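# Descriptive analysis of the structure
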Amino acid sequence: MNSSPNTPARWQFWIDRGGTFTDVVGKRPDGSLVTHKLLSENPEQYRDAAVAGIRHLLDLKPGEPITPQQVECVKMGTTVATNALLERKGEPTLLVTTRGFRDGLRIAYQNRPRLFDRRILLPELLYTRVIEAHERVGAHGDVIEPLDEASLREHLWAAFDAGLRSVAVVFMHGYRYTEHEAAAARIAAEVGFTQVSTSHGTSPMMKFVSRGDTTVVDAYLSPILRRYVEQVAGEMPGVKLFFMQSSGGLTDAHVFQGKDAILSGPAGGIVGMARTAGLAGHDDVIGFDMGGTSTDVSHFRGGLKGEFEREFETQVAGVRMRAPMMSIHTVAAGGGSILAFDGARFRVGPQSAGANPGPASYRRGGPLAVTDANVMVGKVQPRYFPKVFGPHANEALDDAVVRAKFAELAERSGRKAEEVAEGFIHIAVQQMANAIKKISVARGYDVTRYTLQCFGGAGGQHACLVADALGMTKVFVHPLAGVLSAYGMGLADQNVIREQAVEVKLAIEALPLIAERLDVLAAAAQGELTRQEISTGSITTHRRVHVRYEGSDSALIVPFVPDTAALTTAFEAAYKQRFAFLMHGKGLVVEA
């Protein structure tokens, strides 16, 4: 990816498009950095914030093209997919599944996270129509019922005629025995579906529900992402465009998938946090990324030689996802979190004022939010805040309306206005401190030995309060803390993660099979990176296995070495760290 000696130096742009603000870090041809911050949604001023930020730094007029002669590459993280999932505004999707399992994803595991709720509200389903294919493959690959291609084609035509263009194919045991799914995908493509996601291509792992949900998410979000990529690429024809994946690595824009986009923005923050903390000598850090809509907290240890913590099964917006993601815990407490008083108690969030209308001080008639509380107590000074508000985007924050609204709340609650604002800040701090406990104390880490690394636009206003609440004694703030997620895009590597289920007992005779499968996956991943124009000399391969106790459901990830004793030792150390006990005498299974 390095320019040849004859190529003149050009700009690079690293961008994080958040829920409230879009941060842009520009690397000038001389190597110096410049930053810019603008509202993610400001339809009166621009169509897309990322493109508008690039034009601003290049001194281009609105609508003027961004060319490869000016810009070497653009690296972006985006919340487009996340917002579409949260708001259920993805592509209308068809689910094709094995006959008898049309309600499998709706029934799921019958979890009741709110045990005492008498009225259970299930998350809204992502698919709008289901086709039950006449097919069935047994758990060991025996064909119980061949795929009825003629019947499937007829049903697919009916769905296509009804306006559906995106399809998710999820068959029983399809992750391992792929012939029926591949045939269904071929028929769907022949019918004319523009987005076809198969479970063996999207999440080739056991567990029908999480594999199915991940495939549906991919079919639901990929068309939205593709349109956004085409929109951005259309404004900068010929410029190399990369997007951040949930796993913490960059990928070429044209192979960016919906399932890999859920934590696109926050992942850049963790990369930036880990790299900058390591360079500053802070090996073990808790990431505290407070933005306008939410706060993301994360755990990292090991300094420059440390490895990112990833989760391979998680739940996002009521949907079970089985795809590699950075281990991030999010709470709905950001600068835009709405403050409410119901006559008895103060509440912060979970609703957010976003960028439009934004907090009351943003001059768009918005509600009181955490940012306004900080304006009220003097932590945010309007004269030092960017002047991007008002009808012409050139005015400061409006502190007069903030004081008026807090005066009204003070009258209702019988307290002083400043005390009310302080109380709301205290509630937000407790929510954030509890989130940090979940990713540290609850997993066996002593948080008092860590450094709190504070970043995000609103992090500095609350970092010391959060550190005090947790008994932490060190807070690290990087000079680019306000745009660290965007900075992280520039520090990130391109990566490809490939997985495959194996389900074999950990024994000496199984090691050659595991090593062979890892070699195949490594070759596939290297091939994908080479297609994205990475020189082979710069590729590093990491081999990992998911290991669990026989009969249990909790797999932990350990580095692969061709030695059963070493694998067992590594697994037991990780298991004891997480759960504080070991199951002596139980066999181990390599799940994937």
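Data block above holds the structure.
Let me begin by describing the structure that accompanies this report.

Okay, the sheet that holds strand β26 (residues 556-559) next. If you walk across this open sheet you meet the 4 strands as β24-β27-β25-β26, and the pairing is antiparallel. Of all strands in the sheet, those with a lone pairing partner are β24 (504-505) and β26, marking the two edges. The pairing of β24 with strand β27 (residues 588-590) spans 2 bridges and is classified as antiparallel. Bridge pairing links K505 to V589 in β27. With respect to the sheet, helix α15 (residues 564-579) is in contact with β25 (544-549), β26 and β27, its orientation differing from that of β26 by roughly 140 degrees.

The subject of this paragraph is the sheet that holds strand β23 (residues 474-476). With mixed pairing, 5 strands are arranged side by side in an open sheet as β19-β14-β13-β22-β23. Two strands in the sheet have a free side with no partner beyond their single neighbour: β19 (328-331) and β23. Taken over all neighbouring pairs, the strand axes of this sheet differ in orientation by 25 degrees on average, direction set aside. Note that strand β14 (residues 295-300) and β19 share 4 bridges and pair antiparallel. Bridge assignment links S298 to a residue of β19, and that residue is I328.

This part takes up the pairing of strand β1 (residues 11-17). A large share of β1 lies buried, amounting to 7 of its 7 residues. Alternating residues of β1 divide into W11, F13, I15 and R17 and Q12, W14 and D16, and every residue in both groups is buried. Of the pairings in the sheet, the one linking β1 to strand β2 (residues 21-27) comprises 6 bridges and is antiparallel in character. Across the sheet, residue D16 finds its bridge partner in β2, namely D23.

A few words now on helix α13 (residues 484-491). Judged by how many residues are buried, α13 sits mostly within the fold: 7 of 8 residues are covered. Of the residues making up α13, those classed as buried are L484, S485, A486, Y487, G488, M489 and G490.

Let us now look at the environment of G456. As for its position among the elements, G456 is in the loop between β22 (451-455) and α12 (463-470). The residues touching G456, leaving out its near neighbours within four places in the chain, are D289, M290, A481 and G482.

Thresholds applied
- Residues numbered from 1 in each chain as written.
- Predicted model: local features only at pLDDT ≥ 70, side-chain atom pairs only at ≥ 80, totals over all residues.
- Heavy atoms only, no water.
- Pairing = 2+ DSSP bridges.
- Helix = DSSP H or I, 4+ residues; strand = E, 2+ residues; numbered from the N terminus.
- Contact = heavy atoms within 4.5 Å.
- Axes fitted to C-alpha atoms, helices over the stretch in contact; angles between N-to-C directions.
- Buried < 20%, exposed > 50% of the residue type's maximum accessible area, 1.4 Å probe, protein only.

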